[in-house]
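Coordinate inspection notes
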Amino acid sequence: MTQDPLVVFTPSGKRGRFPAGTPVLTAARRLGVDLDSVCGGRGICSKCQVAPAYGAFPKHGVTVAEDALSEWNAVEARYDKKRGLKPGRRLGCQARILRDVVIDVPPESQVHRQVVRKSAAVRAIEMDPATRLHLVEVAEPDMHEPSGDFERLAAALKDQWGIPAVTCDLTLLGRLQPALRKGNWQVTVAVHSSHRGGTPRVLDIWPGLHEGGLYGLAIDLGSTTIAAHLTDLDTGEVRASSGIMNPQIRFGEDLMSRVSYAMMNPGGDAEMTAAVRQAIDLLAAEIAAEAGIEPGLIVETVFVCNPVMHHLLLGIDPVELGQAPFALATSDSLELEARDLGLASISPRARAYVLPCIAGHVGADAAAVALSEEPWNSEDLALIVDVGTNAEILLGDRSRVLACSSPTGPAFEGAQISAGQRAAPGAIEAVRIDPETKEPRFRVIGCDLWSDEPGFAEAVGAGGVTGICGSGIIEAVAELRMAGLMDASGLIGSAAQTGSARCVPEGRTHAYLLHDATAAGGPRIMVTQGDIRAIQLAKSALYAGARLLMDQRGVDRVDRVVLAGAFGAHISPLHAMVLGMIPDVPLEKVTSAGNAAGTGARIALLNRRARAEIERRVHEITKVETAIEPRFQEHFVAANAIPHASDPFPELAMHARLPEVGFNTGGETDKPRRRRRRTA
Ligand code: FES
């Protein structure tokens, strides 16, 4: 008796025998092979493309003849003529298995394909979005068997896609009947299935095959900036990324001043909620326009934010977060209607997922960083710092993960700096100071040349040098220290003390002149004593938070440091260590994870299992509350020195020489201020 043909799918290696004439898509489904389809095998979506391989495959024990699959049929020919199929490709729903065959499923045809992340980390995101498209043929109404159009649509989804039941809201019901009739009873529906189970929801409907795609927004809602990534829910590709300033800044620069605003002003919380919701809605509309995408096709949003932003986004007064025991209204993840968060410009049925918070001061942004960096899978002890207005800090490995949040303030983002600005073209982002001549050179965003290279002025263009951003001020302060222009306490010396005319008096202190374009009507960019104090406060808070976690873990050293945050990618590890922002580790053990919170948001947007995972993991993370730990203040004060008053930095000593200079002027104003505690 002859055996049925054998089909072997690659890369999965799944194999089985099927009667001759079985469509490749049917065989793939029976074997559980990851082969996509939106049209359910009608030959119109092209998602099921496969690449048959011919010849001998000793590894699989198969020799594939030229006639192993049925010949091209009219559907494939039509598709090829209209859209074009890549050479060697077939439509899996049309090609039938006739003899033994090896079939490759290319990455773009896999439902759970991996999207390679752009950041240094190699881990890929597996596609498993909550919302998917399905084409269905709906039975026409029959007077003798009366039933509603929606009920027949639900029955079709059950029969054709195995979705047992669906629900929808009123705004969709109004669109259902015209879509069904226009599509001649063939429609595409977007179905959202929560990772928590429950009845899936139909979020949208289109006549016939919808080819306009589906999109989601991953939103990183920070205290200073709001960043959004518009992501294709089919391919995982980021179609546009954009950011705006958080308008709540007018109510207070840092988190605690916003909590104070809510405490002092009746209705202040509602004012801040309205401001941030409006800004997010505007950002959503802008980013869709930038990508040339119909905003109504955005059907999912994911939010990551710190606890205060979290509460203000949700319309909850953050007053409890300003005082011990820092109780959150809710710490669990939330699944909501995006319109309830004021998102009016995207699909009216779009869903919103808010990641869980870890603790009263350790928010969903830290959870997103954890989701992106997975410290629980680390073999060695990793310290992950997400540098922003608040630093989210995680320390851990396979055995245990700890987390805290430290109030760094906005200095690392260029705020509270005399010539500070956001990272934008024209901002100084890198600085070098010659230790001999004490002369600076720098690079600005948008230009690859250094300021002392020929053609710099022309390359920078008419906008010129406009200010200094976070990474620029960090490098400038570290370079001042390495060039002997500033001492370990953070004091800039006078021209007489340093031998540099760039050290100019400013009140009772001194400032370093980095760039003077006043002759041409441009700015005078200085690094002032006040700037250095702001950076000292920020870096001390960061270091103290990290040390607190190390104390809890009972270690004095970590194996590696991961810098995350919107500008984490731009911080030079050497300069961060000269400044004493991070503990001493071999320089090659300091890596950048880019915008890890944003990446975590994207992972949660594209993968339902990741949502379930982070919901579980947050309960396993040990939370450390910096505001009530007595040792925080102790660590903070010791960390004011550059790089540190007492912790040795042996690894740093191998890479940088820090001159032993002292410029004590005895002025009261030179003493570092103690950081304001977060307890209001
Ligand atoms: S499943 Fe849609 S074209 Fe084959």
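A short tour of the structure in this document, coming up. All figures in this text were calculated on a predicted structure; none of them were measured in a lab.

**Section: the sheet that holds strand 2 (residues 15–17)**
Strand order in this open sheet of five strands is 2-1-9-4-7, and the pairing throughout is mixed. Single-partner strands in this sheet number two, and they are strand 2 and strand 7 (90–91). Sheet analysis places strand 1 (residues 6–10) next to strand 9 (residues 101–104), joined by four bridges and oriented parallel. Bridge pairing links Val-7 to Val-101 in strand 9. Here helix 1 (residues 24–31) sits on the sheet in contact with strand 1, strand 2, strand 4 (49–53) and strand 9, set at roughly 75° to strand 1.

**Overview of helix 16 (residues 630–638)**
Of all the residues in helix 16, the buried ones are Phe-632, Gln-633, His-635, Phe-636 and Ala-638. Here the buried face of helix 16 lies against strand 23 (401–406) and helix 12 (529–553).

**Structural notes on the packing of helix 5 (residues 255–264) against helix 6 (residues 268–291)**
Two elements in contact, helix 5 and helix 6, have axes whose closest approach is 7 Å; the angle formed by their N-to-C orientations is 130°. Considered as vectors, helix 5 and helix 6 are oriented oblique to each other. Residues Arg-258, Tyr-261 and Ala-262 of helix 5 form the contact with helix 6, whose own contacting residues are Gly-268, Asp-269, Glu-271 and Met-272. Split by residue class, the contact of helix 5 with helix 6 holds three nonpolar, one polar and three charged.

**Quick word on the packing of helix 6 against helix 7 (residues 307–314)**
Between helix 6 and helix 7, the least distance of the axes is 8 Å, while the angle of their chain directions is 90°. What the angle tells us is that helix 6 and helix 7 run roughly perpendicular. On helix 7, the residues touching Asp-269, Met-272, Thr-273, Val-276, Arg-277 and Ile-280 of helix 6 are Leu-312, Leu-313 and Leu-314. Class assignment of the residues belonging to the contact of helix 6 with helix 7 gives a composition of six nonpolar, one polar and two charged.

**A short note on the pattern of salt bridges**
For the structure on display, the rule yields 36 salt bridges. Between Arg-524 and Asp-516 there is a salt bridge; the shortest N-O distance is 3.6 Å. On the accessibility criterion, Asp-516 (39% relative accessible area) is partly exposed. Here Asp-584 and Arg-557 are joined by a salt bridge, their closest N and O atoms 3.5 Å apart. Taken as a pair, Asp-584 in the loop between helix 13 (573–579) and strand 31 (590–594) and Arg-557 in the loop between helix 12 and strand 30 (560–564) lie far apart in primary sequence, 27 residues in all. Salt bridges here are not isolated pairs; linked through shared partners, they connect Arg-547, Asp-551, Asp-556, Arg-631, Glu-634 and Asp-647.

**Quick notes on the packing of aromatic side chains**
Counted under the stated rule, the structure contains four aromatic pairs. Plain terms: the ring middles of Phe-442 and Phe-456 are 5.9 Å apart, the flat faces sit at 85° to each other, and that makes the pair edge-to-face. One end of the pair, Phe-442, is in strand 25 (residues 440–444); the other, Phe-456, is in helix 9 (residues 456–460), and 14 residues separate them in sequence. By the burial criterion, Phe-442 is buried, and Phe-456 matches it. In this arrangement the basic side chain of Arg-441 is found over the ring face of Trp-450, its NZ or CZ atom lying 4.7 Å from the centre.

**Quick word on the side chain of Asp-584**
Asp-584 gets classed as buried once you look at its relative accessible area, which sits at 5%. Within the local environment of Asp-584, its side chain forms a polar contact with the backbone nitrogen of Leu-652, the two atoms lying 2.9 Å apart. Not counting residues within four places of it along the chain, the set of residues in contact with Asp-584 comprises Arg-557, Met-577, Pro-648, Phe-649, Pro-650, Glu-651 and Leu-652.

**Focus on the layout of surface pockets**
The volume enclosed by the second largest pocket comes to roughly 660 Å³. The wall of the second largest pocket is formed by 33 residues, among which Asp-36, Val-38, Lys-47, Leu-133 and Asp-234 lie closest to the centre. With four residues, strand 12 (residues 131–137) is the single largest residue contributor to the lining of the second largest pocket. Class assignment for the residues of the lining of the second largest pocket results in 14 nonpolar, 10 polar and nine charged.

**Quick look at the pairing of strand 14 (residues 201–207)**
Counted residue by residue, strand 14 has five buried out of seven residues, so it is predominantly covered. Pairing of strand 13 (residues 186–192) with strand 14, which is carried by six bridges, proceeds in the antiparallel orientation. Counterpart to Val-191 in the pairing with strand 14 is Val-202.

**Let's talk about the sheet that holds strand 27 (residues 503–506)**
A sheet is described by the order of its strands in space; here three strands give the open sequence 27-28-29, paired in antiparallel fashion. Looking at which strands have only one partner, the edges of the open sheet turn out to be strand 27 and strand 29 (524–527). Sheet twist, expressed as the mean angle between neighbouring strand axes with direction ignored, is 50°. Bridge count between strand 27 and strand 28 (residues 509–516): four bridges; the pairing is antiparallel. Within the sheet, the bridge partner assigned to Cys-503 lies in strand 28 and is Tyr-512. Packed on one face of the sheet, helix 12 meets strand 28 and strand 29 and runs near 50° to strand 29.

**Side note on the nonpolar core**
Residues Ile-226, Ile-280, Phe-303, Leu-355 and Ile-614 are the most contacted members of the largest nonpolar core, which totals 92 residues. It is helix 6 that provides the largest number of residues to this core, a total of 10 residues. Excluding anything up to four places from it in sequence, Leu-355 contacts Val-302, Phe-303, Val-304, Ser-333, Ala-364, Ala-367, Ala-368, Leu-371, Ala-604 and Ile-614. Formed by 73 residues, the second largest nonpolar core is a distinct cluster that contains Val-460, Val-561, Ala-576 and Ile-642.

**Examining the pairing of strand 25**
Going residue by residue along strand 25, you find Pro-440, Phe-442 and Val-444 tucked away on one face and Arg-441 and Arg-443 left uncovered on the opposite face. Bridge count between strand 24 (residues 427–433) and strand 25: five bridges; the pairing is antiparallel. Considered in strand 25, the bridge of Ala-430 is made with Arg-443. Remark: six residues form the turn of the hairpin made by strand 24 and strand 25, two consecutive strands paired antiparallel; Lys-438 in that turn has positive phi of roughly 65°.

**Looking at unusual backbone geometry**
Note the cis peptide between Thr-10 and Pro-11, where omega equals 5°. Mapped onto the fold, Pro-11 is located in the loop between strand 1 and strand 2. Ile-642 connects to Pro-643 through a cis peptide bond whose omega is 5°. If you trace the backbone, Pro-643 turns up in the loop between helix 16 and helix 17 (650–653). Here Phe-326, not a glycine, exhibits a phi torsion of approximately 55°, which is positive. Inspection of the secondary structure puts Phe-326 in the loop between helix 7 and strand 19 (334–337). Within the chain, Glu-374 stands out as a residue other than glycine whose phi angle is a positive 45°. Topologically, Glu-374 is positioned in the loop between helix 8 (364–373) and strand 21 (382–386).

About the cut-offs
- Residues numbered from 1 in each chain as written.
- Predicted model: local features only at pLDDT ≥ 70, side-chain atom pairs only at ≥ 80, totals over all residues.
- Heavy atoms only, no water.
- Pairing = 2+ DSSP bridges.
- Helix = DSSP H or I, 4+ residues; strand = E, 2+ residues; numbered from the N terminus.
- Contact = heavy atoms within 4.5 Å.
- Axes fitted to C-alpha atoms, helices over the stretch in contact; angles between N-to-C directions.
- Buried < 20%, exposed > 50% of the residue type's maximum accessible area, 1.4 Å probe, protein only.
- Parallel < 35°, antiparallel > 145°, perpendicular 65-115°, else oblique.
- Nonpolar A, V, L, I, M, F, W, Y, C, P; charged D, E, K, R; others polar.
- Salt bridge = Lys/Arg side-chain N within 4 Å of Asp/Glu carboxyl O.
- Phe/Tyr/Trp six-rings, centres within 6.5 Å; stacked < 30°, edge-to-face > 60°.
- Lys NZ or Arg CZ within 6 Å of the ring centre and 35° of its normal.
- Polar contact = N/O pair within 3.5 Å; in protein donor to acceptor, adjacent residues only side chain to side chain.
- 1 Å grid on protein atoms, 1.4 Å probe; cavity = no way out; pocket = protein on both sides within 12 Å on 5 of 7 lines; lining within 4 Å.
- Points joined across faces, edges and corners; volume = space filled by probe spheres on them.
- Core = buried A, V, L, I, M, F, W, Y, C linked by side-chain atoms within 4.5 Å.

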